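Residues per chain are reported as follows:
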Amino acid sequence: MHRKLFETSKIAEAYAKYRPTYGKDVYETIINFCKEAKCSFKLAVDVGCGSGQSTVPLAEHFGEVIGVDVSEKQISQAPRNIANLSFRVGPAEDLSFVGTQTADLVTVAQAMHWMDLGRFYPEVERVLKPGGSFVSYGYGLSVLDDQRAEEALHHFYRGVLGQYWTEGRDKVEEHYQSFSLPFPGWRRNDSLKIERTWSVDELIGYLSSWSAWHKYLLDHPNSDAMEELRQRFKQLYRTGAGEGETERPVHVFWPVFMLMGHKPVL
């Protein structure tokens, strides 16, 4: 079901426009981790790349970068104007387009909970060079700067959409704490976060990219739930009165979690 959802143009466009992008500190952490193993920075593969938000930054550091995602609609939103960057449609569990022991880095951003790790991990081990790096990272639930808004969002997330979250969403909520990597000595980094200052409408745009919302709409195509949440946020972030009434910005952050491992050098 989740793969069919991501094939819709509407959710692909929402992903490309509203999903928060990771800061430079995330990519600096990845690059520094690669340097630990004397990386040659020739080839990086970003699996589950969506519309390429997590793929593009790698092109500044690697000679060639390939993004792959199971959704053709998501890939259609990816940029095409970067010479050393290409995208292809395919499942994470089949990286046959990458030669054995040719990749310096494999990354997965906010997508490992969708994957069959029993099939994916052997592919990662196959394509990585000895000493190559694997980094899986993502961000947890958003946190708003207004407690009443946070409560309204929590009700929407749990009360309205609760049963529509696909199996595996709990892995994101717990920051992949139950996952482990197939490489000895792998480690976590939980020190970073994404921060944004948005309008209410931009926040609603982000919420409209949630897969659970699109599943909910299949059962409730005429639902006003998102619009009701928008109006609640508008009320909470309203300041002033009369002609002087304005909307104050929404400050939101997401905690970032990173799992990082090197393929052993034999």
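Scroll up to find the structure this text is about.
In this report, the structure presented in the accompanying data block is examined. (Residues numbered from 1 in each chain as written. Predicted model: local features only at pLDDT ≥ 70, side-chain atom pairs only at ≥ 80, totals over all residues. Heavy atoms only, no water.)

Notes on the packing of aromatic side chains
Quick reminder of the rule: Each Phe, Tyr or Trp ring, with Trp reduced to its six-membered ring, pairs with another whose centre is within 6.5 Å; inter-plane angles below 30 degrees give stacked pairs, above 60 give edge-to-face pairs, and intermediate values give tilted ones. Counting from the N terminus, the helices are the DSSP runs of H or I reaching at least four residues and the strands are the DSSP runs of E reaching at least two. Between buried and exposed lies partly exposed: a residue is buried under 20% and exposed over 50% of the maximum accessible area for its type, with that area taken using a 1.4 Å probe on protein chains only. By definition, being over a ring means that NZ of Lys or CZ of Arg is both within 6 Å of the ring centre and within 35 degrees of the ring normal.
Using the criterion set out here, one finds 21 aromatic pairs in the structure. On the numbers, 6.3 Å between centres and 85° between planes, the contact of Tyr 27 with Tyr 137 is edge-to-face. Taken together, the residues span a long stretch of sequence, with Tyr 27 in helix 3 (residues 24-36) and Tyr 137 in strand 5 (residues 128-139) at a distance of 110 residues. Taking the relative accessible area as the measure of exposure, Tyr 137 reaches 0% and is therefore buried. Looking at Arg 169, its charged tip hangs above the ring of Trp 165, at a distance of 4.7 Å from the centre. One residue, Lys 193, lies across the ring of Phe 253, its end atom 5.0 Å from the ring centre.

What about helix 8 (residues 200-207)?
Among the eight residues in helix 8, six count as buried, and that is most of the element. When we look at burial in helix 8, the residues that qualify are Val 200, Leu 203, Ile 204, Gly 205, Tyr 206 and Leu 207.

Here we look at the packing of helix 8 against helix 10 (residues 225-236)
Which entries qualify depends on this criterion: Only the stretch in contact is used when fitting a helix axis, every axis being a line fitted to C-alpha atoms; angles between N-to-C directions are given from 0 to 180 degrees. Every angle not falling under 35 degrees, over 145, or within 65 to 115 is termed oblique; those three ranges are roughly parallel, roughly antiparallel and roughly perpendicular. Crossing handedness is read from the near helix: turned anticlockwise from the far helix by less than a right angle, it gives a left-handed crossing, and turned clockwise, a right-handed one. Contact criterion: two residues are considered in contact whenever any of their non-hydrogen atoms come within 4.5 Å of each other. Residues are grouped as follows: nonpolar covers Ala, Val, Leu, Ile, Met, Phe, Trp, Tyr, Cys and Pro; charged covers Asp, Glu, Lys and Arg; every other residue, Gly included, is treated as polar.
Between helix 8 and helix 10, the least distance of the axes is 10 Å, while the angle of their chain directions is 150°. By the angle between their axes, helix 8 is roughly antiparallel relative to helix 10. Considering how the two elements wind past one another, helix 8 and helix 10 form a crossing that is right-handed. Facing helix 8, whose interface residues are Val 200, Asp 201, Leu 203, Ile 204 and Leu 207, helix 10 presents Met 226, Leu 229, Arg 230, Phe 233 and Lys 234. Counted by class, the contact of helix 8 with helix 10 contains seven nonpolar, no polar and three charged residues.

Some words on the pattern of salt bridges
Under the convention used in this document: Throughout this description, the term salt bridge denotes a Lys or Arg side-chain nitrogen within 4 Å of a carboxyl oxygen of Asp or Glu.
Tallying each qualifying case throughout the model produces twelve salt bridges. One salt bridge in this structure joins Arg 230 and Asp 201, with 2.7 Å as the shortest N-O distance. Of this pair, Arg 230 sits in helix 10 while Asp 201 sits in helix 8; the two residues are 29 residues apart in sequence, bridging distant segments of the chain. Residue Asp 201 is classed as partly exposed on the basis of its relative accessible area of 36%. With a shortest N-O distance of 2.9 Å, Arg 230 and Glu 227 are connected by a salt bridge. Highlighted residues: Arg 230 and Glu 227, both in helix 10, separated by three residues, approximately one helical turn. Taking the relative accessible area as the measure of exposure, Glu 227 reaches 36% and is therefore partly exposed.

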